[in-house]
Amino acid sequence: ENSYNNLIISTASTILFEGGMTQTFNNITMPAGTGCADYFDIGTLNPGIPAAWSMPAGTFNGDWLRITDLTAGGGGTFNATNSLGIGAVTGWNITSPPSVNLYWVGDGGNWSDVAHWSLTSGGAPSGCVPTINDSVFFDANSFTTPIQDAHVDITAYCKNMDWTGVTNTPDFAGGGQLYIAGSLTLVPGMTTSIFSIINFMSSG
């Protein structure tokens, strides 16, 4: 546990704090994400064990944050716009982007590639990757030739995942963490060579 007068983090892609510990500060400055394909991650160093922020007064404003197992309190105000709260996230005023359905398109490739996610079946890329609030679908318009893979190459999130109607015997592959807040539907005619840990998350 540490106390800071003014904590300034000018360059980073992720900030993690020790679970079970409280960081106290009068002011904190840190980067923001840049959009739906580039959230800035803050949270706990120990999955499932929340870390805590405490600020006695003032306001913290963050944008495009993905907040995981991080509580906030102490009297200050913590705002996060265009942001997501995953796990034990309390004390934050979070405004999330609207939930959407995203369809895998463009044959095989990496989960992190925005070119593979469309708002319609077989449609144009959306420019976003799924969040914990979004449902994802793999269907007859996802793969045009046999035995291609959808590869989980990052820590990935979705609400529901459904492979109903998929064709051309695709493979669900990869080695990144996958968090699912709803249901997972697999089908005959596909293969799974995924080495990811699939985490099913409760809503409460």
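Since this is a predicted model, take the numbers as computed values, not measurements.

All right, on to the sheet that holds strand β23 (residues 198–200) then. The strand order across the open sheet built from 3 strands is β17-β20-β23, with neighbouring strands paired in parallel fashion. Strand pairing shows two members of the sheet lacking a second neighbour, β17 (156–158) and β23, which therefore form its edges. The average angle at which neighbouring strand axes cross in this sheet is 20°, direction not considered. For β17 and strand β20 (residues 178–180), the ladder comprises 3 bridges, and the chain directions are parallel. Paired with Cys158 across the bridge in β20 is Ile180.

A few words on the pairing of strand β12 (residues 101–104). Pairing of β12 with strand β15 (residues 135–137) involves 3 bridges; the strand directions are parallel. Residue Asn101 lies in a different strand from β15, and its bridge partner there is Ser135.

By the definition in use, this model includes 17 aromatic pairs. Ring geometry for Trp111 and Trp117: centres 4.9 Å apart, planes at 65°, overall edge-to-face. Among the residues examined, Trp111 registers a relative accessible area of 1% and is labelled buried.

Residue alternation in strand β9 (residues 77–81) divides its side chains into a buried set, Phe78 and Ala80, and an unburied set, Thr77, Asn79 and Thr81. Relative to β9, strand β6 (residues 59–63) runs parallel, the two sharing 5 bridges. What sits directly across from Thr59, in β9, is Thr77. The sheet contact formed by β9 and strand β11 (residues 93–95) spans 3 bridges and is parallel. Pairing of Asn79 across the sheet is with Asn93, part of β11.

Calculation rules
Residues numbered from 1 in each chain as written. Predicted model: local features only at pLDDT ≥ 70, side-chain atom pairs only at ≥ 80, totals over all residues. Heavy atoms only, no water. Pairing = 2+ DSSP bridges. Helix = DSSP H or I, 4+ residues; strand = E, 2+ residues; numbered from the N terminus. Axes fitted to C-alpha atoms, helices over the stretch in contact; angles between N-to-C directions. Phe/Tyr/Trp six-rings, centres within 6.5 Å; stacked < 30°, edge-to-face > 60°. Buried < 20%, exposed > 50% of the residue type's maximum accessible area, 1.4 Å probe, protein only.

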